[in-house]
Amino acid sequence: MFIRNTEIRIIQGDITEIEAEAIVNAANNRLLMGGGAAGAIKKKGGKIIEDEAVKKGPIEIGAAISGPAGKLKAKYVIHAATMGMDFKTDEAKIRLASRSSLKEAERLKVSSIAFPALGCGVGGFPEIGSAKIMAQEIFRHLWFDCPGSHLKEITFVLFDKPAYAAFNKNVLSYLEYIIHKIQQGPFITVDIIIELPEGIVLIERSNPPYGWAIPGGFLDYNESLEDCAAREAKEETSLEVYDLKQMHTYSRPGRDPRFHTVTTVFTAKAKGEPQAGSDAANLKVVGPEDASKLNLAFDHKQVISDYLMVRKEYQMRRQS
């Protein structure tokens, strides 16, 4: 598939054999190339790859630098630090490493780059999650950050069949969904604070960005905000919402780490038994005062703080 003038490909193979101008090495921040894919790159391309990289290190986790590719078919190896020397990674580190790799490729003015599954080797990050995070960053780079990209080909190279299957299914379908259904943005979303007697409903996100969140999602074409709120609530919590009231609209760039989104937050009552739907990994009902103790995605800590203030003001008006 293509994003603007750049082809996105998924193949199963050995990244050390790829003829892309640049290949990405999922590195540690000291740029030492021990085992795994990094070790294979050094073994086939020569120790010069590690020696030249180490001269530029250590680097920040999430940053990327480039160096020679030695005896490899590529011209450059882009070393993207997905972890420190504790060999632990997470969503934010993979996202930054992907973004930094693409920026470095633009600086080098290469026309092709090959990525492995960042974070999925020594880091042990789930392949589906890595696929979607990297797809998000590629879309962001080509659509918003660098619409005149030098890159004409971005290839995901997966060594084994399970990794290839995860990326083949999740990268292309995810990008197709973003491009053809969500369009070019800024993206319009809704979030719903569902009020039950026991507290408010939160869902644990099954897609990156991970964490607990107020139920919500993207507005479909030809759909009202209210209809979207009702649909997303049903899909994620199995609840039928009613008495929808708009609370506030949040539009700050950066509130969503994926893209620029503008969300309208509703409050609502609900009927039914709350259960996590297909779009949620888990669900819980918590007192709104306790919600801030959770790992909340997006700017939902601020949203819930604002909700508590609005609720307090409403109670004070009723008492006066």
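As shown above, the structure is provided for reference.
Parameters at a glance
Residues numbered from 1 in each chain as written. Predicted model: local features only at pLDDT ≥ 70, side-chain atom pairs only at ≥ 80, totals over all residues. Heavy atoms only, no water. Helix = DSSP H or I, 4+ residues; strand = E, 2+ residues; numbered from the N terminus. Rg over C-alpha atoms; globule rule 2.2 N^0.38 Å. Buried < 20%, exposed > 50% of the residue type's maximum accessible area, 1.4 Å probe, protein only. Contact = heavy atoms within 4.5 Å. Areas by Shrake-Rupley, 256 points an atom, 1.4 Å probe, with all protein chains shown as cover. Lys, Arg positive; Asp, Glu negative; His and termini not counted. Charge placed at Lys NZ, Arg CZ, Asp CG, Glu CD. 1 Å grid on protein atoms, 1.4 Å probe; cavity = no way out; pocket = protein on both sides within 12 Å on 5 of 7 lines; lining within 4 Å. Points joined across faces, edges and corners; volume = space filled by probe spheres on them. Pairing = 2+ DSSP bridges. Right-handed = clockwise from strand over helix to strand, strands pointing away. Salt bridge = Lys/Arg side-chain N within 4 Å of Asp/Glu carboxyl O. Polar contact = N/O pair within 3.5 Å; in protein donor to acceptor, adjacent residues only side chain to side chain. Axes fitted to C-alpha atoms, helices over the stretch in contact; angles between N-to-C directions. Parallel < 35°, antiparallel > 145°, perpendicular 65-115°, else oblique. Left-handed = near helix turned anticlockwise from the far one by under 90°.

A. Structural context of the overall build of the protein. From N to C terminus, the protein includes eight helices and 14 strands. For 320 residues, the compact-globule formula gives about 20 Å, and the C-alpha radius of gyration of the protein, at 22 Å, lands near that figure. The buried share of the protein, reckoned over its 320 residues, is 51%. Across the protein, contacts joining residues at least 24 apart in sequence account for 72% of those joining residues at least 6 apart. Accessible surface for the protein amounts to roughly 15,100 Å². Of this, 51% is attributable to carbon and sulfur atoms. Taking the average place of the 41 positive charges on the side chains of the protein and the average place of its 41 negative ones, the gap between the two points comes to 5 Å.

B. Region of the structure containing empty space enclosed by the protein. All told, the structure shown has one cavity of 30 Å³ or more when counted by the stated rule. Counted as a void, the largest cavity has a volume near 30 Å³. Around the largest cavity, the lining residues are I15, V24, N25, A26, A37, I41 and P116. Mapped onto the lining of the largest cavity, the elements with two or more residues apiece are β3 (22-28) and α1 (36-45).

C. Focus on the pairing of strand β7 (residues 153-158). Across the six residues of β7, five count as buried, placing the element largely inside the fold. Across six bridges, the pairing between strand β2 (residues 6-12) and β7 is parallel. The residue bridging Q12 from the neighbouring strand is L158, located in β7. In this sheet, β7 lies alongside strand β6 (residues 112-115) in parallel orientation, the contact comprising four bridges. Looking at the pairing, A114 lines up with T155 of β7. Taken together, β6, helix α4 (residues 127-145) and β7 form a β-α-β motif whose crossover is right-handed.

D. Local environment of the pattern of salt bridges. For the coordinates displayed, the defined rule picks out 23 salt bridges. The residue K44 makes a salt bridge to E17 at a minimum N-O spacing of 2.7 Å. Of the two residues, K44 is situated in helix α1 and E17 in the loop between β2 and β3; the sequence distance between them amounts to 27 residues. Residue classification places E17 among the partly exposed positions, given a relative accessible area of 36%. For K293, the salt bridge goes to D290, with nearest N and O atoms at 3.3 Å. Several salt bridges converge on common partners, so that one network encompasses D220, E223, R231, E232 and E235.

E. Spatial organisation of the environment of E232. Assignment of secondary structure puts E232 in helix α6 (residues 225-237). If near-sequence neighbours (up to four positions away) are discounted, E232 is found in contact with I192, G216, G217 and F218. In this structure the side chain of E232 is engaged in a polar contact, spanning 3.1 Å, whose partner is the side chain of R231.

F. Structural context of the side chain of K132. Relative to the helices and strands, K132 is located in helix α4. Overall, the relative accessible area of 13% leaves K132 in the buried class. For K132, the contacting residues outside a window of four places in its chain are N170, Y174, N207 and P208.

G. The arrangement of the sheet that holds strand β5 (residues 76-83) in detail. Spatially, β1-β2-β7-β6-β3-β5-β4 is the arrangement adopted by the seven strands of the open sheet, whose pairing is mixed. Each edge of the sheet is formed by a strand with only one pairing partner; in this case those strands are β1 (2-3) and β4 (64-68). By the bridge criterion, seven bridges tie β3 to β5 in an arrangement that is parallel. When the sheet's bridge partners are listed, V24 is paired in β5 with I78. Sheet strands touched by helix α3 (residues 91-108): β3, β4, β5, β6 and β7. Its angle to β5, the strand with the most contacts, is close to 160°.

H. Structural context of the packing of α3 against α4. At their nearest, the axes of α3 and α4 sit 9 Å apart, and the two run at 40° to each other. In terms of orientation, α3 lies oblique with respect to α4. The hand of the α3/α4 crossing is right-handed. Contacts between α3 and α4 involve E91, I94, R95, S98, R99, L102, K103 and E106 from the former and S130, I133, M134, Q136, E137, I138, R140 and H141 from the latter.

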